[in-house]
Amino acid sequence: ATLRTATSNVVTTIVQQVASFTLTADGVTTSAPGAQVTFAHTVTNTGNGTHTFPLSLSNTAPDDFDFTGLAIYVDANGDGVPDNFTNINTTGALAAGAAFRFVVVGTVPGTQVGGQIGRLRVNASSTFDVGQLASNTDLVTVTGNAVISVFKGINQNNGASPSGPYTYTLTYTNTGNTTLTNVVVTNTIAALGNEQRRLFGPVPLAPGEGAAFEDSY
């Protein structure tokens, strides 16, 4: 037998970096006149490389009024409460597959009346591909009734099945102008057959008062 060898050209494959992301989610809430509203949002880098995503917040039409004191704050644990009160305008460098959680806030003017609505627009874009844009719209309806805001966050946003336990943080605040009575906070767990766990109450809750509780399962 005769041994033969052949030499081929070297083939180099370059994987091109692609920008892709999601921004979630639209929010809806009620508010008393003069109260601050908070909405939670998440940017997830669905591209194949590290990217930075600029963020912006603005009043948007059609609505009945403009919010004041607009700001974007980091909310790393997703509990709906700012980690600090440093106003930001970018996610910073975000690795492929990573998520960046934040909240947007604005204050309803004290002169508004029940039934009026206000809208906020949250925008995100990519510094790598300027054609990548996304937006959410948050809607607020003014009410003269008592208002309580509740946020539910989780310590991580994915995992194998089965896995855990996971820690959930429930944060509640009286964002209205009236003292509430007999406030009860209950965590309903669908994964456990809609088991209900009372975390707090019944207690009164003055305007601006609130607290946070954790529940694991």
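Each remark here, short or long, concerns the structure printed above.
Throughout what follows, the structure given in this document is the object of discussion. (Residues numbered from 1 in each chain as written. Predicted model: local features only at pLDDT ≥ 70, side-chain atom pairs only at ≥ 80, totals over all residues. Heavy atoms only, no water.)

Here we take up the sheet that holds strand β14 (residues 210-216). Strand order in the open sheet formed by three strands is β10-β11-β14, with antiparallel pairing between adjacent strands. Edge positions in the sheet fall to β10 (148-154) and β14, since each of these pairs with one other strand and no more. Along the sheet, successive strands turn relative to each other by an average axial angle of 15 degrees, direction set aside. As defined by bridge partners, β10 adjoins strand β11 (residues 167-174) across seven bridges and the pair is classed as antiparallel. The residue bridging I148 from the neighbouring strand is N174, located in β11. (Pairing = 2+ DSSP bridges. Helix = DSSP H or I, 4+ residues; strand = E, 2+ residues; numbered from the N terminus. Axes fitted to C-alpha atoms, helices over the stretch in contact; angles between N-to-C directions.)

Looking now at the pattern of salt bridges. Summed over the entire model, instances satisfying the criterion amount to two salt bridges. With a shortest N-O distance of 2.9 Å, E195 and R197 are connected by a salt bridge. On the basis of relative accessibility, which here comes to 33%, the residue E195 falls in the partly exposed class. One salt bridge connects R197 with D215, and the closest N-O pair in it is separated by 2.8 Å. With R197 in strand β13 (residues 195-205) and D215 in strand β14, this residue pair connects regions lying 18 residues apart in the sequence. (Salt bridge = Lys/Arg side-chain N within 4 Å of Asp/Glu carboxyl O. Buried < 20%, exposed > 50% of the residue type's maximum accessible area, 1.4 Å probe, protein only.)

Taken together, the five strands give an open sheet; going across it, the order is β2-β9-β8-β4-β6, and neighbouring strands pair in mixed fashion. Strands at the two margins of the open sheet, each flanked by one partner only, are β2 (27-31) and β6 (90-94). Averaged over all adjacent pairs, the angle separating strand axes in this sheet is 20 degrees, with direction ignored. Bridge count between β2 and strand β9 (residues 133-142): five bridges; the pairing is parallel. Directly across from T30, in β9, lies its bridge partner T141.

As for its position among the elements, Q112 is in the loop between β7 (99-107) and β8 (117-125). By relative accessible area, which is 13% here, Q112 ends up buried. The sequence separation of Q112 and A32 amounts to 80 residues, and the corresponding C-alpha distance is 8.6 Å. Excluding residues within four positions of it along the chain, Q112 makes contact with P33, D64, F65 and V142. At a separation of 2.5 Å, a polar atom in the side chain of Q112 contacts the side chain of Q116. (Contact = heavy atoms within 4.5 Å. Polar contact = N/O pair within 3.5 Å; in protein donor to acceptor, adjacent residues only side chain to side chain.)

The next thing to look at is the packing of aromatic side chains. All chains considered together, the criterion is met by five aromatic pairs. Aromatic pair F21 and F53: ring centres 4.9 Å apart, planes at 50 degrees, arrangement tilted. Placement of F21 in strand β1 (residues 21-24) and of F53 in strand β4 (residues 51-59) is noted, with a sequence separation of 32 residues between them. Here F21 falls in the buried class, since its relative accessible area comes to 10%. One Lys or Arg, K152, reaches over the ring of Y168 and ends 5.1 Å from the middle of that ring. (Phe/Tyr/Trp six-rings, centres within 6.5 Å; stacked < 30°, edge-to-face > 60°. Lys NZ or Arg CZ within 6 Å of the ring centre and 35° of its normal.)

Geometric values such as these leave the question of function open.
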